[in-house]
Amino acid sequence: MRRVYLDHSATTPVDPEVAKLMMIYYTEQYGNPSSVHSFGRETKAALENARDSVAKLLGAEPSEITFTSGGTEADNLAILGAAEAQSKKGKHIITSAVEHHAVLEACEFLAKNGYELTVVPVDEEGLISVAEVEKAIRPDTILISIMHANNEVGTIQPIAEIGKLAREKGIIFHVDAVQSFGKIPINVKSMNVDLMTVSSHKIYGPKGVGALFIRRGVRVVPRIYGGGQEKKRRSGTENTPGIIGFGKACDLAAERMEAEGIRQGQLRDKLLAGIMEKIDHVKLNGPRGENRLPGNLNVSIQFVEGEALLLSLDMMGIAVSSGSACTSGSLDPSHVLLAMGLTHEIAHGSLRFSFGHQNTEEDVDYVLEQLPKIVDRLRMMSPLYDKVKHGQCSHAQAQ
Ligand SMILES: *Cc1c(COP(=O)(O)O)cnc(C)c1O
């Protein structure tokens, strides 16, 4: 059976070139970068080389990059660390309703521990308005945390505008750029960003590695204490094979970004057009045009459960995500889709397709061959769909 992986926003395979390089740092160049002998110095040089690669892709200085165990740790270091560093100045934090859980939960932890949180809403495309952020700012606001591109619906936020606003008001600005990093151009300087989170495993690097950009002069209180690695910002012997692999993944992303963006955008558009043509009662979730990550597609297919679709697609070798996760024990649909104003019912029927380097036109053709059959079969069992077919539901309800 054909296997089609369309879940690259969840994770990507490690690029063979990355894996090959990492193997050297597991078995041959295994020195501790803090050691002064040649084994240590060689690893240290490779580690600093990786730091240069991450910095280059962000438009940052290498000294502004702190390696972490991933995007989640970088988000926590940014939010908890910046809040603690400025707690004397104020205790008000602004974030958005569509952030990743690593940001939302860190902010909620602070809200339970003496800080105040304002969560700005999004429009029906998942877009944050700069005016809403401005409205939320108070004299005691110390931190704004807004993501660059959304992991579920691909919406790209107006980061440069929010950055300009934050800089004018002297408020620290953190951006979770895990989904956009290596996919669309980023420049922390022109975007006026103070802290930016990136992760390796979403860009063909290994899992368990990430980084936080900390603009020179911005203070972040560490979360982990010990040997003082990473300029005392993140102690612990560095995951050198992982970090060096991450650096290589950044170099490859820089080379491929432009062409892959165009190619994946075309595959995505072909899939969307095919779904719209072959299946009725489908709604596109997220932005229509330019303002969307090229590799992201999110649709709600009415009168079926996203989870049932996901499992049926999986049986045909197709891997996607859904906006509800009954199997993971939660019946709540995605907080992102609900924040965009979708009803529970429509949010439950959502599917996310996220493209990667290895996807081809044939992959899209295969999905377009399988998905309509699966939808038909599942809808035959749906009492709601039966009513729509027999004209008992109004058109408005069936939209
Ligand atoms: C995947 C992801 C994270 C978490 O990164 P990990 O490296 O998996 O911890 C954070 N934010 C966003 C937007 C993500 O997509």
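Structure report, in brief. Along each chain, residue indices are assigned from 1 in the same order as the chain's sequence is written. Owing to the predicted nature of the model, reporting of local features is limited to residues with pLDDT of at least 70; listing and counting of side-chain atom pairs is limited to 80 or more, with chain, interface and lining totals taken over all residues. Here the side-chain values reflect all heavy atoms present in the structure, with hydrogen atoms and water set aside.

1. A look at the overall build of the protein
Item 1. The helix and strand labels rest on DSSP assignments: H or I over at least four residues marks a helix, E over at least two residues marks a strand, and numbering proceeds from the N terminus. Helix and strand counts for the protein stand at 13 helices and 13 strands.
Item 2. For every residue, the accessible area (1.4 Å probe, protein chains only) is compared with the maximum for its type, and the residue is labelled buried under 20%, exposed over 50%, or partly exposed between those bounds. Taken over 399 residues, the protein has a buried fraction of 57%.
Item 3. In the protein, the share of contacts with a sequence separation of at least 24, taken over all contacts with a separation of at least 6, comes to 73%.
Item 4. One finds the centroid of the 43 positive side-chain charges in the protein at a distance of 5 Å from the centroid of its 49 negative side-chain charges. Contact criterion: two residues are considered in contact whenever any of their non-hydrogen atoms come within 4.5 Å of each other. Counted as positive: Lys and Arg. Counted as negative: Asp and Glu. His and the chain ends are not counted at all. Charge placement uses NZ in Lys and CZ in Arg. For Asp and Glu, CG and CD serve respectively.

2. Considering empty space enclosed by the protein
Item 1. Here a cavity denotes a set of grid points, spaced 1 Å apart and computed over the protein atoms alone, in which a 1.4 Å probe fits but from which it cannot get out, and a pocket denotes an open set meeting protein on both sides within 12 Å along at least five of seven lines; residues with an atom within 4 Å of a point are reported as lining. Grid points are joined across faces, edges and corners, and a volume is the space filled by probe spheres set on the points. Summed over the entire model, instances satisfying the criterion amount to one cavity of 30 Å³ or more.
Item 2. If you add up the space inside the largest cavity, you get close to 290 Å³.
Item 3. If you trace the largest cavity, you find 26 residues lining it, with Gly182, Lys183, Tyr204, Gln264 and His357 closest to the centre.
Item 4. Of all the elements, helix H7 (residues 240–278) adds the most residues to the lining of the largest cavity, at eight residues.
Item 5. By the convention adopted, Pro, Cys, Tyr, Trp, Phe, Met, Ile, Leu, Val and Ala count as nonpolar, Lys, Arg, Asp and Glu as charged, and the other residues, Gly among them, as polar. Broken down by class, the residue content of the lining of the largest cavity amounts to nine nonpolar, 12 polar and five charged.
Item 6. Segmentation into domains, and thus their bounds, comes from an automatic or database assignment. Looking at the lining of the largest cavity, you find at least three residues from each of domain 1 (4–10 + 257–389) and domain 2 (16–253).

3. A look at the side chain of Ser9
Item 1. By the secondary structure assignment, Ser9 is in the loop between strand E1 (4–5) and helix H1 (16–27).
Item 2. Exposure remark for Ser9: the relative accessible area of 10% places this residue in the buried category.
Item 3. For Ser9, the residues in contact, after removing those within four places along its chain, are Asn151, Gln179, Lys202, Arg352 and Ser354.

4. Brief notes about the sheet that holds strand E8 (residues 210–214)
Picture the strands of a sheet paired through backbone hydrogen bonds; they go either parallel or antiparallel.
Item 1. One open sheet holds the seven strands; their spatial order is E2-E8-E7-E6-E5-E3-E4, and the pairing between them is mixed. If you trace the sheet from one side to the other, it starts and ends with strand E2 (65–68) and strand E4 (116–120), each paired once. Taken pair by pair, the neighbouring strands of this sheet meet at an average axis angle of 20 degrees, ignoring direction.
Item 2. Here, strands pair whenever DSSP counts at least two bridges between them. Pairing of strand E6 (residues 172–176) with strand E7 (residues 195–199), which is carried by three bridges, proceeds in the parallel orientation. Looking across to E7, one finds that Asp176 is bridged to Thr197.
Item 3. Only the stretch in contact is used when fitting a helix axis, every axis being a line fitted to C-alpha atoms; angles between N-to-C directions are given from 0 to 180 degrees. Packing of helix H3 (residues 71–85) onto the sheet brings it into contact with E2, strand E3 (92–96), strand E5 (141–145), E6, E7 and E8, and relative to E7 it is tilted by some 165 degrees.
Item 4. In the packing of helix H6 (residues 159–169) onto the sheet, contacts are made with E5 and E6, and the angle to E6 comes to roughly 160 degrees.

5. Structural notes on the site of the ligand
Item 1. Being near a molecule or strand, for a residue, means having at least one of its heavy atoms within 4 Å of it. Close to the ligand lie 13 residues; Thr72, Asp176, Gln179, Ser199 and Lys202 are nearest.
Item 2. Within 3.5 Å is the distance limit for a polar contact, defined as a pair of N or O atoms, with the added protein rule that one can donate a hydrogen and the other accept it, and that residues adjacent in sequence qualify only through two side-chain atoms. Between the ligand and Gly71 there is a distance of 2.8 Å, counted from an oxygen atom to a backbone nitrogen or oxygen.
Item 3. Contact with the protein chains covers 88% of the free accessible surface of the ligand, which is 390 Å². Each accessible area is a Shrake-Rupley result for a 1.4 Å probe, and residues are judged covered by the shown protein chains and nothing else.

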